[in-house]
Structures are given as structure tokens and as C-alpha cells.
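# Structural overview for review
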Amino acid sequence: MKEDFLHYLWKFKKFDTLNLKTVQNESITIIKTGDYLELSGPDFFNAQIKIGDQKWAGNVEIHLKSSDWYLHNHEKDPAYENVILHVVWDNDTAIFRENNTEIPVLILKDYVSQEIIESYNALVSPKTWISCEKQISEINDFVFKNWQERLFFERLERKSTFVYNLLEETNQDWEAVLFCLLAKNFGLNANGSSFLQMSKSIPFSTIRKESFEVENLESLLFGTLGLLNDEKEDVYFQDLKFRYFYLLHKYQLEKTFIDPVQFFKHRPDNFPTIRLSQLANLYCKHQNFFSKIIALKSVSSVYELLNVSVSSYWKNHYQFDKVSPKKAKILSKSFLDLVIINTIIPIQFAYSNIMGESISEDLIEFMNQVAPEKNAIIDKFNSFGIKSKSAFETQTLLELKNEYCNHKACLKCAVGMELLKND
């Protein structure tokens, strides 16, 4: 038994409310259970309860055992002076206010049906992966779709925090924020952190000024990431190195230590050298890039706008000094789908919030055009009968698993709530 189950029972009145009595044998009538704000202080604020012949307005505190009141030191906290009812599962001691009056107690287990207890135990009992894996496919489609929309925007709210932090760091420069986000996502999981450090180390004003010559951009990106530190006979390498040190001097930039990039276990098309060249070419091709990204509304428009390749040198190289068969190395559609999910949608969401605009339906429509992601979590949901047709649905499933299932937060999840309600 967990306390959040008691919160659920009280919030939704999942118990016999007709014959309630306090341990002092006074009748209880619940007029309003109160507001469940999940803040510090009592569990439910502004409740209204009639005890005996007296109507009370105040707060309700809930514990597994009444002695938890003293265990949590509530008797010393002024925030608990206005508690009008103490709801517990087990009453093992009397609780008194500072003025020595006893707080009325409701023993909840006396009024909860065995069926709902068994349903709760079945839901939270250990499973191989998630608590509702045998029942999730039976959830009402309307309920599940509405829950997915909420999950989608919860995920965007979390992602937007990173955007807002970048906005503060860049002195409200949306172009710089976009550059940092793109750099991080061009680095993928293995090199994302290093690429982000790199993007923060170069003032975007420098990127803006040098964006008319791709070799200068490449020299800044490669040099900042430490990829020009060696001595090589390669002519292109030497040219980038010369440009890098010239630009360091020109803009009075300081060399900073950045985590080394990784080549190991990457497919060659994902080598950091290739991704950096593609990023440099993207910024050489587009000025005022942010306004173009914000205006995007469809997957096809993304594919068209971000249709870039690598510089000539990298068409037959993956690393310096090593010639390879010639290949255009354009940004693939699957990679651009990741850019939509991790950069374009989050920055559009954050920008619309800052501007006070509502684009929720546009974002959902946009994400429904993106192919579903493929990973172990999505595969597992698929095995339970939850099949995804778009990235909108896969993003919601990732949010569900990571933020609810992994934390056993069944009673905060619409799926868990529906299963209990049905039982």
C-alpha cells in the first residue's frame, strides 16, 4: 500500500461515502474533497466537510499511519494548523493540535471495497516491463488518444526548458538558440554533448559573419572540437587549420577544452566529420535561418529546406588523409525526421509560448506526418498491441514509459486510472 493510492481514493471518492464516521464516532459528510495541488503542506487544500453538526472549511492531510504526522514533524509546521481531517489507512495514535484539541480521524480502509484494493494490487504488482502490460491494449481508444495528447505536450514542456535556458545564455538570440539545438542534434547521442559545447563556445555573431564561406565555418567547427590539433600532410586539413587560427586571432576567440568526439561504433555517414560539414553547409546556404524554421509546417518543407550535402572534400573522405569512394552524403530523410522531433518542434513550441500564440493543433498535425521512431521501447509497446503510425504516437509512448511507467506512477496516469475505474 502506498500513500498515492490513498490520495487517489480520496480525490475521486472511491469509497463508501454514505456512512462515514470519525474514530471519535462522529458522522462525516464530504462536501468538497479539496484541491490536490501536490505542493508542500497538506495534501488537499480548501476542503469542505461536515463533522457531526459542524461544517468545516480547511485542509485534509493523508497518511498510511496516523503516527506519520509526528514522523514528518507536522506538529511543528504552521502550514498544518488548518487541517480539519486526518485521513489514514491505519490509526495507531491520536494526533493533537498545538492547542491540545484532537484532530478528527477517518480510517479509510474501513470504507474501501475489497475489489478496488485487489485491482490496485494487481496493477502495481511486479510485471516483466510495465504494470499494465496485459491490459493496456484494452483501454478505451478515446481515453488513450486524449492521454497521448497530454503526454505529447508534457514532453514538449520538458524539452522547452532546455530551450529557455539557451535563450537566457544567448541573451535572447533565437538564431543562436537554433544553432545550439541543431549542433546538439547533429552530434546524435554519442557526440551531442560535445557538439553542444562547441556551439556554445563560438559566438553566433562569428558564425553569422563567416557563413558566406563554408571553409571558414568548417574550420571554426572542426577547430573548436579539437579535430585540427594533429599534424597532417593533407592539404585540406592544413587549409582548415590555417583558417582556424586566423579566425581565432581575428575574433579574439579563446580555445576551450571540449570533450573529444567519438568515431567508434558510428556508421561512416554519422562520423562527426560528416555531420560537421553538413552543419557548416546548412549555415552557408541559409541566412536568417530561424525565421525559416519557425515557418515550417510539413515534413516535405523540411526535406526541401534542409536539402544539403557535404563540402567537395568530404564527398570522397570520411576522415582526413583517407580517401573513400565518392558519395554525395546528403542529409537523409530519417536523420531529418530526428531533426524535426528534437529541434524544429521543440523550438516552434517554445517560441509560440513566448509569443503567446497557440499552435498545438499545428504541432500535432506536423508530428503525425513524421514516420514512427524505431527503438526497443516502441517495439515493446508494439508487442503489447500498442502500434504507432507516426512520431507523434512514438513520442507519447516514450514519455509514458520514462515519466510514468518507470516511476510506477499508475495513479497519475490515465491508463492506470481507467483500469481502476473499470474494475
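Residues numbered from 1 in each chain as written. Predicted model: local features only at pLDDT ≥ 70, side-chain atom pairs only at ≥ 80, totals over all residues. Heavy atoms only, no water.

## Here we look at the overall build of the protein chain
When you go through the protein chain residue by residue, the secondary structure sums to 17 helices and 8 strands. Rg of the C-alpha trace for the protein chain: 29 Å, well past the compact-globule value of 22 Å for 423 residues, more than 25% over. In terms of overall dimensions, the protein chain has C-alpha extents of about 90 × 45 × 40 Å along its principal axes. Looking at the protein chain residue by residue over its 423 residues, the buried ones come to 50%. Pairs at least 24 residues apart make up 61% of the contacts formed inside the protein chain by residues separated by at least 6 positions. (Helix = DSSP H or I, 4+ residues; strand = E, 2+ residues; numbered from the N terminus. Rg over C-alpha atoms; globule rule 2.2 N^0.38 Å. Buried < 20%, exposed > 50% of the residue type's maximum accessible area, 1.4 Å probe, protein only. Contact = heavy atoms within 4.5 Å.)

## Re the pairing of strand β5 (residues 83-90)
Counting buried residues in β5 gives 7 out of 8 residues, a clear majority hidden from the surface. Across 6 bridges, the pairing between strand β4 (residues 54-65) and β5 is parallel. Looking at the pairing, H63 lines up with V88 of β5. Bridge count for β5 against strand β6 (residues 105-107) is 3 bridges, and the pairing is parallel. Among the inter-strand pairings, H86 is bridged to a residue of β6, identified as V105. (Pairing = 2+ DSSP bridges.)

## Regarding the pairing of strand β3 (residues 44-51)
Across 4 bridges, strand β1 (residues 28-32) lies against β3 in antiparallel orientation. When the sheet's bridge partners are listed, I28 is paired in β3 with I51. Taken together, the 2 bridges between strand β2 (residues 35-36) and β3 define a ladder with antiparallel strand orientation. Paired with Y36 across the strands is F44, a residue of β3. With 6 bridges joining them, β3 and β4 adopt antiparallel strand pairing. From the neighbouring strand, I51 faces β4, where its bridge partner is Q54. Between β3 and β4, which pair antiparallel one after the other, the connecting turn spans 2 residues, and G52 there sits at a positive phi close to 65°.

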